[in-house]
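Structural description and commentary
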Number of protein chains: 2
Amino acid sequence: MRALDLIIKKRNGQSFSTEEINFMISEFNSGRMPDYQMSALLMAVYFQGLNAKETTALTAALANSGEVIDFSSLGKIVTDKHSSGGVGDKTTLVLAPLVAAAGVSVAKISGRGLGFTGGTIDKLESIPGFSAELSVERFMELVQENDLAIMAQTERLTPADRKLYALRDATGTVENISLIAASIMSKKIAAGADTILLDVKTGKGAFMQSREEAFHLAETMFRIGKDMGRRIVSVVTDMNQPLGYAVGNALEVKEAVETLKGQGPADVEKLCIILGGYLLGLAGKVRNPEAGQEELLRLLRNGAALQKFKEMVSLQGGNVECLEDYSLLPQANYTETVTSTRAGFVQEIDAGKVGRSAALLGAGRAFKGDNIDPSVGIVLNHKVGETVCEGDVLAYLHSNDKDKFKAACRELSNCFTLVDEKTEEFPPLVYGVVPPFPS
Amino acid sequence: MRALDLIIKKRNGQSFSTEEINFMISEFNSGRMPDYQMSALLMAVYFQGLNAKETTALTAALANSGEVIDFSSLGKIVTDKHSSGGVGDKTTLVLAPLVAAAGVSVAKISGRGLGFTGGTIDKLESIPGFSAELSVERFMELVQENDLAIMAQTERLTPADRKLYALRDATGTVENISLIAASIMSKKIAAGADTILLDVKTGKGAFMQSREEAFHLAETMFRIGKDMGRRIVSVVTDMNQPLGYAVGNALEVKEAVETLKGQGPADVEKLCIILGGYLLGLAGKVRNPEAGQEELLRLLRNGAALQKFKEMVSLQGGNVECLEDYSLLPQANYTETVTSTRAGFVQEIDAGKVGRSAALLGAGRAFKGDNIDPSVGIVLNHKVGETVCEGDVLAYLHSNDKDKFKAACRELSNCFTLVDEKTEEFPPLVYGVVPPFPS
């Protein structure tokens, strides 16, 4: 078997056997197949695609390129949740303790975010003292003892995926559903959970801008999970306007804690309850998702979910007092407002623009290794469907740098679309579920 | 401008500007654009193609990546001839001195062959003492003084083409007409001739197996040449059976010299006269190709072309006595025969298989830098359309190694297709000319 022959095979539209995919990933991971051959092969895949069998084989090969966590010794169901990423998406911070409070273990491994704002790990690390740099052993211990742990991606898991992604990023070969799905799912498979909830976001603030593509990705990942013996559900959700009001790391922690206290934005609470319902159903804890939703609402109202979150923060070294006294979280030096130049109804808030505005303030990273400023970000004052008067505050900007503030303001002032006639047709929170539940 | 953006642009089916192509080749040639980005871009080109303007711009960028020879100071028309390569193709050895004998300068730069047998340089270097390792200055001097010089490709010409071709060869991106045409034409442009004849071969022993592809390549190269202000003609010729009888370096030199003596195979002589007629017409030496053919036949018959060849061999250090006493050329130790197991008419001789058989004897090189054995090869005893009896010699194999001989024999015994009924439908020598002459 030669790498060159595999490139030509895919270029000519033929399919790879599992052995060929294993060979290719093993040769690439060891450096025997040079980057210039892999990038040509990736571009051939971009044009010719991978079929279902190839996509699953690629996922397995990437997962098996490093350590694979095995929770079977714990003797209980372990769940994981993944979001394809969005602006103001603090779902994991609420959903994970909520599900754990219901007695279903959550073991989540998360990357540091590239893009508008930080990822889950960056958000949690804005809590002073909190550490997500766990060993796999400590991660498993926490899942065993507290049903909940959130760990940063380690070098030991899926090294071939990391290497492949870096190459795709530099060669225009990111945008292929099979490659995207295999990359995400390889990390889920290596992370060891047997029950997986995928939240595929679509809209102006999401990686998958079109709904059709989002469903394609949701279906592809679902099928991979099934093929690999996982219990799995993919939910396609809206990311046209930001989720909740807060966009920025510490600001989102505060909003997530408010949600765990029953005082959060309606959309954040609703989405977490819906997604959690599916996860409880999938784990067999309740007879259907609706029953799961009822149970989760109860655990939100009675403080059990908040308590579980506090336990996790404490066990991972974070200062729990921050969760009651928010002034202990990182604070920006300046807060400024963007006001409305006219009266009207908010028809749209472009999540992509809000995200870029937050990034301009320093809430995100453009390159791996960039520092994030946990204190900065944006808090919207209105959401889609609300009425504003001329001069009303549309959003608050938290910044540590007056120049960055100006650039962010310019970007943010274009986010809001105001109209005279109030329309009632707004995007729903959830577009659909794969498979239509119950499977 | 960033290389990544150019990859994505081509991937999405857009066209490059000339500035973008210049940037890309300059960045690649200097090493600032890494191989893994260029190979992804090449695969995108494989799928999305290059339009005529892009192909010419690429040719110019590759030509300008190194030294470009300028014959304008010589004050005369300088011609060049290129063949896309075939089995037993010794055309240049006959055609170049023939045209030069007619008073039209020929300045040919040639690569060492990769494939079944050596290239023109390898063939000439089988003449003891002959050197094609000329400086550009000496090359120009010989063209000035003797109207004829054949030089090996130097490192100073088209370095970016060399680097790009090596990458294409390793990444499954050779087979694209625009890239093939730009690679060939960049070398022709850098070699400085203002008048160019291209011989595009098609059939079982050619790189372009289908006639449609051969015409596509012929047209693409013609258009590039026109765009770059060259007088140019592309001729599509047959390479289903080998040209002449001899396949192998010294064996082909002998056959070429026999042709220059008016005693060569009919097909070799005819093809050289036809191609040469076009070249004389293009150079304005005669009023039409037919008049050129008459003149060339005269120069073949009266010994002027042979005399010109001898002068070139002598000026480039070769032993001219070899051309009269062939035993002074490299000789193989063994000569064996392949005989016919049945009587019949020769319907086909697969040039590809004859070529592979010659390569097995050591007449070609699989990798750059491999040594060629100039003495070995095959001499056919029959051509397509002839009648053979059972036991007749079909071919003579010249070898220095009994093991190689056995392997070559096995390959060669499958080359001949014998039939009972004589058919009259054989491939013509020439399929067509681009443009239909006169342009």
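Each value, and the rule that gives it
Residues numbered from 1 in each chain as written. Chains lettered and ligands numbered in written order. Predicted model: local features only at pLDDT ≥ 70, side-chain atom pairs only at ≥ 80, totals over all residues. Heavy atoms only, no water. Helix = DSSP H or I, 4+ residues; strand = E, 2+ residues; numbered from the N terminus. Rg over C-alpha atoms; globule rule 2.2 N^0.38 Å. Buried < 20%, exposed > 50% of the residue type's maximum accessible area, 1.4 Å probe, protein only. Contact = heavy atoms within 4.5 Å. Areas by Shrake-Rupley, 256 points an atom, 1.4 Å probe, with all protein chains shown as cover. Polar contact = N/O pair within 3.5 Å; in protein donor to acceptor, adjacent residues only side chain to side chain. Axes fitted to C-alpha atoms, helices over the stretch in contact; angles between N-to-C directions. Left-handed = near helix turned anticlockwise from the far one by under 90°. Nonpolar A, V, L, I, M, F, W, Y, C, P; charged D, E, K, R; others polar. Expected span 1.5 Å × (residues − 1). Buried area = accessible area lost by both parts, 1.4 Å probe. Salt bridge = Lys/Arg side-chain N within 4 Å of Asp/Glu carboxyl O. pLDDT = per-residue confidence, 0-100. Pairing = 2+ DSSP bridges. Phe/Tyr/Trp six-rings, centres within 6.5 Å; stacked < 30°, edge-to-face > 60°. Lys NZ or Arg CZ within 6 Å of the ring centre and 35° of its normal. Least-squares fit on C-alpha atoms with pLDDT ≥ 70 in both. Core = buried A, V, L, I, M, F, W, Y, C linked by side-chain atoms within 4.5 Å. Domains from an automatic or database assignment.

1. Points about the overall build of chain A
Helices and strands together make up the secondary structure of chain A, namely 16 helices and 13 strands. For 439 residues, the compact-globule estimate of 2.2 N^0.38 gives 22 Å, and the C-alpha radius of gyration of chain A, at 22 Å, lies within 12% of that figure. Based on the C-alpha atoms only, the size of chain A along its principal axes is roughly 70 × 45 × 40 Å. The burial tally for chain A puts 58% of its 439 residues in the buried class. Contacts in chain A between residues at least 24 apart in sequence constitute 78% of all its contacts with a sequence separation of at least 6. For chain A, the computed accessible surface area is about 16,800 Å², with 48% contributed by carbon and sulfur atoms.

2. Remarks on the environment of Thr79(A)
All names here are of chain A. For Thr 79, the location among the structural elements is in strand S1 (residues 78–83). A residue is classified by how much of its surface remains accessible, and Thr 79, at 0% relative accessible area, is buried. Note: C-alpha distance between Thr 79 and Asp 373 (294 residues apart in sequence) is 31 Å. Those residues in contact with Thr 79 that sit more than four places away from it in its chain are Val 99, Val 104, Ser 105, Val 106, Ala 107, Ala 193, Thr 195, Leu 279 and Ala 283. Engagement of the side chain of Thr 79 in a polar contact is seen with the backbone oxygen of Ser 105, the distance being 2.8 Å.

3. Side note on the packing of helix H8 (residues 159–171) of chain A against helix H3 (residues 35–48) of chain B
Where H8(A) meets H3(B), the closest approach of the two axes is 9 Å, and the angle between their N-to-C directions is 65 degrees. As H8(A) packs across H3(B), the resulting crossing turns out to be right-handed. Residues Leu167(A), Ala170(A) and Thr171(A) of H8(A) lie in contact with H3(B), whose contacting residues are Tyr36(B), Gln37(B) and Ala40(B). Class assignment of the residues belonging to the contact of H8(A) with H3(B) gives a composition of four nonpolar, two polar and no charged.

4. Some points on unusual backbone geometry
Most peptide bonds take the trans form, and the phi angle of most residues other than glycine is negative. Residues and elements named next belong to chain A. In the segment running from Val 434 into Pro 435, the intervening peptide bond is cis, with an omega of -5 degrees. Within the element layout of this structure, Pro 435 appears in the segment after strand S13 (430–434). Phi at Thr 158 takes a positive value of approximately 40 degrees, unusual for a residue other than glycine. By the secondary structure assignment, Thr 158 is in the loop between strand S3 (148–152) and H8. Here Thr 158 falls in the buried class, since its relative accessible area comes to 1%.

5. Section: H8(A)
The terminal C-alpha atoms of H8(A) lie 19 Å apart, and with 13 residues this matches the ideal 18 Å at 1.5 Å per residue to within 8%. Burial in H8(A) covers these residues: Ala160(A), Asp161(A), Leu164(A), Leu167(A), Arg168(A), Ala170(A) and Thr171(A). Buried residues along H8(A) sit in contact with helix H2 (18–30), helix H3 (35–48), helix H4 (52–63) and helix H9 (177–190) of chain A together with helix H1 (3–11) and H3 of chain B. After H8(A) finishes, the residue Gly172(A) shows a positive phi value of roughly 65 degrees.

6. Points about the interface of chain A and chain B
In many analyses, interface size is given as the accessible surface area lost on bringing the parts together. Listed per partner, the contact involves 22 residues of chain A and 22 residues of chain B. Of the roughly 1,700 Å² buried where chain A meets chain B, counting both sides, 68% is carbon and sulfur surface. Looking at the side of chain A facing chain B, the largest losses of area belong to Arg11(A), Tyr36(A) and Phe47(A), adding up to 37% of the total buried there. A salt bridge links Arg11(A) to Glu175(B); the nearest nitrogen and oxygen atoms lie 2.8 Å apart. Where chain A touches chain B, the interface holds eleven residue pairs in polar contact (both at pLDDT 80 or more).

7. Structural notes on the confidence of the model for chain A
Residues of chain A with pLDDT of at least 70 account for 99%, and the chain-wide mean is 94. Our summary of model confidence lists the complex with pTM equal to 0.90 and ipTM equal to 0.89.

8. Some details on the sheet that holds strand S6 (residues 246–247) of chain B
All names here are of chain B. Pairing within the open sheet is antiparallel, and its four strands lie in the order S6-S9-S11-S7. Of all the strands in the sheet, the pair left with one neighbour each is S6 and strand S7 (334–339). Sheet topology places S6 next to strand S9 (residues 377–380); two bridges connect them, and they run antiparallel. Paired with Val 247 across the strands is Ile 378, a residue of S9. On the sheet, helix H15 (residues 351–361) packs against S6, S9 and strand S11 (393–399) and is oriented at approximately 140 degrees with respect to S9.

9. Quick word on the packing of aromatic side chains
Applying the stated criterion to the full structure yields five aromatic pairs over all chains. Centre to centre, the rings of Tyr46(B) and Phe47(B) are 5.2 Å apart; their planes meet at 75 degrees, and the pair counts as edge-to-face. Given the relative accessible area of 24%, Phe47(B) is considered partly exposed. The ring of Phe16(A) has Lys10(A) sitting right over it, with the charged end atom 5.1 Å from the ring centre.

10. Things to note about the side chain of Lys108(B)
Take Lys108(B): it is sitting in strand S2 (residues 105–110). When near neighbours in sequence (up to four residues on either side) are disregarded, Lys108(B) contacts Asp80(B), Lys81(B), His82(B), Thr92(B), Phe139(B), Ala149(B), Ile150(B), Met151(B) and Lys188(B).

11. Considerations on the relation of the copies chain A and chain B
With an axial shift of 0.0 Å and an RMSD of 0.0 Å, the rotation relating chain A to chain B amounts to 180 degrees. Here the transformation between the copies is reduced to the relation of a two-fold axis. Using C-alpha coordinates, one finds that chain A approaches the rotation axis most closely at Tyr36(A), a distance of 1.9 Å. Counting the interface residues of chain A, we find that 100% of their copies in chain B are interface residues as well, pointing to one common contact surface.

12. Comments concerning the environment of Asn414(B)
Residue and element names in this part refer to chain B. Counting through the fold element by element, Asn 414 comes out in the loop between helix H16 (402–412) and strand S12 (416–419). Taking the C-alpha atoms as reference points, Asn 414 and Asp 350, 64 residues apart in sequence, are found 8.2 Å from one another. At 3.4 Å, the side chain of Asn 414 and the backbone oxygen of Arg 410 are in polar contact.

13. With respect to the sheet that holds strand S11 (residues 393–399) of chain A
All names here are of chain A. Strand order in this open sheet of four strands is S6-S9-S11-S7, and the pairing throughout is antiparallel. Only two strands of the sheet have a single partner each, and these edge strands are strand S6 (246–247) and strand S7 (334–339). This element, helix H16 (residues 402–412), spans S7, strand S9 (377–380) and S11 of the sheet and lies at about 150 degrees to S11.

14. Remarks on the nonpolar core
Grouped together as the largest cluster of nonpolar side chains are 82 residues, with contacts concentrated most on Leu98(B), Ile127(B), Phe309(B), Ile378(B) and Leu397(B). Looking at this core, the element that brings in the most residues is helix H12 (residues 266–282) of chain B, giving ten residues. In terms of domain composition, this core takes at least three residues from each of domain 2 (72–324) and domain 3 (331–419) of chain B. Leu243(A), Val253(A), Leu361(A) and Leu418(A) belong to the second-largest nonpolar core, a separate cluster that totals 81 residues.

15. A short note on helix H14 (residues 304–315) of chain B
All names here are of chain B. Along its twelve residues, H14 runs 16 Å from first to last C-alpha, staying within 8% of the 16 Å computed at 1.5 Å per residue. Turning to H14, its buried residues number three or more, namely Ala 305, Leu 306, Lys 308, Phe 309, Lys 310, Met 312 and Val 313. Tucked into the core, H14 has its buried residues touching helix H5 (91–101), helix H6 (120–124), helix H7 (136–146), strand S3 (148–152), helix H11 (249–260) and helix H13 (289–301).

16. Here's the deal with the environment of Asp325(A)
Residues and elements named next belong to chain A. Among the secondary structure elements, Asp 325 is positioned in the loop between helix H14 (304–315) and S7. For Asp 325, a relative accessible area of 35% translates into the label partly exposed. Measuring from C-alpha to C-alpha, the distance between Asp 325 and Pro 374 comes to 17 Å, with 49 residues separating the pair along the chain.

17. Some points on the domain arrangement of chain A
Residue and element names in this part refer to chain A. The domain architecture assigned to chain A consists of domain 1 (3–49), domain 2 (72–324) and domain 3 (331–419). Counting residues at the interface gives 27 residues for domain 2 and 31 residues for domain 3. Overall, the association of domain 2 and domain 3 removes approximately 2,000 Å² of surface from exposure, summing both partners, and the carbon and sulfur fraction of that is 58%. In terms of surface lost to domain 3, no three residues of domain 2 exceed Phe 116, Gln 241 and Tyr 245, which account for 32% of the buried area on that side. Across the domain 2-domain 3 interface, the total number found is three salt bridges. Two residues, Asp 122 and Arg 365, come together in a salt bridge whose shortest N-O distance is 2.9 Å. Our enumeration of links across domain 2 and domain 3 arrives at twelve residue pairs in polar contact (both at pLDDT 80 or more). Sorting the residues of the side of domain 2 that touches domain 3 by element identifies S6 and helix H11 (249–260) as the ones contributing at least two each. If you tally residues by element for the side of domain 2 that touches domain 3, the top one is H11, at three residues.

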